[in-house]
Amino acid sequence: MNLETVDRVGVVGAGTMGSGIAQVAATHGYDVVMRDIQQGFVESGFDSIDSSLERLDGKDALEDDPETIRGRIEGTTDLEDLADCDVVVEAAVEDLEVKKDIFEDLAEVTDGETVLATNTSTLSITSIASATDRPERVVGLHFMNPVPIMEGVEVVVGEKTDSEVVDFAHDLSESLEKTTWESDDKPGFVTNRILMPWINEGIRAFDEGVASKEDIDAGMELGTNVPMGPLTLADHIGLDVCLHASETLHEELGDRYKPAYLLKRKVEADELGKKTGKGFYEYD
C-alpha cells in the first residue's frame with residue numbers, strides 16, 4: 001500500500017474521536033468523508049471541528065485557514081459514501097458487536113484493497129477483523145484524545161494483519177504528524193493496560209482518604225512529571241469510558257484491573273467528568 005496514492009480518508013463516527021480524526025486528516029491535506037448514523041451527530045461533529053479549528057487558528061497553529069480545512073470534510077449518514085475511500089478509520093462506540101457490524105458492512109461497500117482501521121482502545125483487533133472477508137487489511141489505529149493536540153498513535157497488529165498494512169498504518173499516522181508505537185493485539189494494548197490501573201489506584205487513594213484529590217494529582221504531576229494526575233485525566237477521558245475500559249480489562253486479565261468502587265458510583269450518578277460538567281472536579 002503506497003501512502004502517495006491515498007487521497008480520500010473515511011471516518012465512521014462523528015463524536016469526540018471521529019471528528020478529531022477527520023479534522024487532523026483534513027488539516028494535513030486529505031479529503032475526508034465523516035459518517036455517523038444521524039444527521040444531528042454529524043452536525044455536532046462539525047461544530048466540534050469548527051470550535052477546534054478556531055482555537056488553533058487563534059494560536060497560529062494552522063498552515064491553511066479554517067475554511068479551507070473545513071471544506072475538505074464531507075458529512076454523511078450513508079455508509080456507501082465511504083466506498084471510494086482508500087482507508088477508513090472507525091471511531092464508533094466501544095462495543096465489540098457494534099464494531100463488528102460496522103466492519104462487516106464496510107467490507108461490503110469498500111474496495112478489497114481499502115485498509116480498514118479501528119480506533120478501539122481495548123477491544124481485540126482480531127475479533128473485529130473476523131467480521132470481514134479481509135482480516136489481513138484490518139489494523140488498529142488508536143489515536144489519543146484530544147486528537148488534534150495529542151502527538152501519539154498506537155498501531156495495533158491483529159493476528160492476521162498484513163505487515164504491509166502495519167507499515168502503512170505507521171506511515172499514515174506520521175503523515176498526520178503523529179508519532180507511533182506498536183502493540184500486539186493483547187487486552188488494553190500498551191496504553192490502557194498500564195493507564196487504567198494507574199487511574200483506578202488514584203481513585204482508590206482518594207476514596208480511602210490517603211490524600212485530597214488535588215494532592216493526589218499534584219503528587220503524580222510533580223513526582224512523576226506527567227502533565228496531569230489520575231483524577232484530572234479521568235475527568236478528561238470521561239469516567240464512563242474509564243469504567244468501560246477497566247471492566248473489559250478486568251474480564252480479560254483478572255482482579256488487578258477491577259474498577260474502583262468510586263468510579264462506578266460516579267458513573268451511576270452521571271458525573272462523567274468534563275463532558276457533563278462534573279466528575280472529580282467541576283467544569284464550566
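Right above here is the structure, for reference.
This one's a predicted model, so the numbers in the text were calculated from it and none came from an experiment. (Residues numbered from 1 in each chain as written. Predicted model: local features only at pLDDT ≥ 70, side-chain atom pairs only at ≥ 80, totals over all residues. Heavy atoms only, no water.)

Trainee: Help me get a handle on the overall build of the protein, residues and values and all.
Mentor: Along the backbone of the protein there are eleven helices and eight strands. Here the C-alpha atoms of the protein give a radius of gyration of 19 Å, agreeing with the 19 Å that 2.2 N^0.38 yields for 284 residues. Every one of the 284 residues in the protein was classed for burial, and the buried ones make up 48%. Here the analysis covers contacts within the protein between residues at least 6 apart in sequence; of these, 67% occur between residues at least 24 apart. As displayed, the protein offers around 13,500 Å² of accessible surface, 46% of which is attributable to carbon and sulfur atoms. (Helix = DSSP H or I, 4+ residues; strand = E, 2+ residues; numbered from the N terminus. Rg over C-alpha atoms; globule rule 2.2 N^0.38 Å. Buried < 20%, exposed > 50% of the residue type's maximum accessible area, 1.4 Å probe, protein only. Contact = heavy atoms within 4.5 Å. Areas by Shrake-Rupley, 256 points an atom, 1.4 Å probe, with all protein chains shown as cover.)

Trainee: How would you explain the sheet that holds strand β7 (residues 152-157) if you had to name every residue and give the values?
Mentor: The strands that make up a sheet are held in pairs by hydrogen bonds between backbone atoms, and each pair lies either parallel or antiparallel. The sheet built from eight strands is open, its strands ordered β3-β2-β1-β4-β5-β6-β7-β8 with mixed pairing. Looking at strand neighbours, the two that pair on one side only are β3 (73-76) and β8 (179-184), the edges of this open sheet. Neighbour-to-neighbour, the strand axes of the sheet open up by a mean angle of 25°, direction not taken into account. In this structure, strand β4 (residues 87-90) lies alongside strand β5 (residues 115-118), joined through four bridges in parallel fashion. When the bridges of β5 are listed, Glu 90 appears paired with Thr 118. Across the sheet, helix α4 (residues 96-109) touches β1 (8-12), β4, β5 and β6 (138-143), and the angle it forms with β5 is around 165°. Packing against the sheet, helix α6 (residues 163-175) makes contact with β4, β5, β6, β7 and β8, and its axis sits at approximately 150° to β8. (Pairing = 2+ DSSP bridges. Axes fitted to C-alpha atoms, helices over the stretch in contact; angles between N-to-C directions.)

Trainee: Could you give me a rundown of the nonpolar core, with the residues and numbers involved?
Mentor: If you look at the biggest cluster of nonpolar residues, it comprises 39 residues, and the most contacted ones within it are Met 34, Leu 141 and Phe 143. Counting residues per element, this core draws most heavily on helix α1 (residues 16-27), which supplies six residues. (Core = buried A, V, L, I, M, F, W, Y, C linked by side-chain atoms within 4.5 Å.)

Trainee: Any details on helix α7 (residues 191-207)? Residues and values, ideally.
Mentor: A rise of 1.5 Å per residue sets the reference length of α7, with its 17 residues, at 24 Å; its end C-alpha atoms lie 24 Å apart and thus fit the reference within 8%. Of all the residues in α7, the buried ones are Thr 191, Asn 192, Met 196, Ile 199, Asn 200, Gly 202, Ile 203 and Ala 205. (Expected span 1.5 Å × (residues − 1).)

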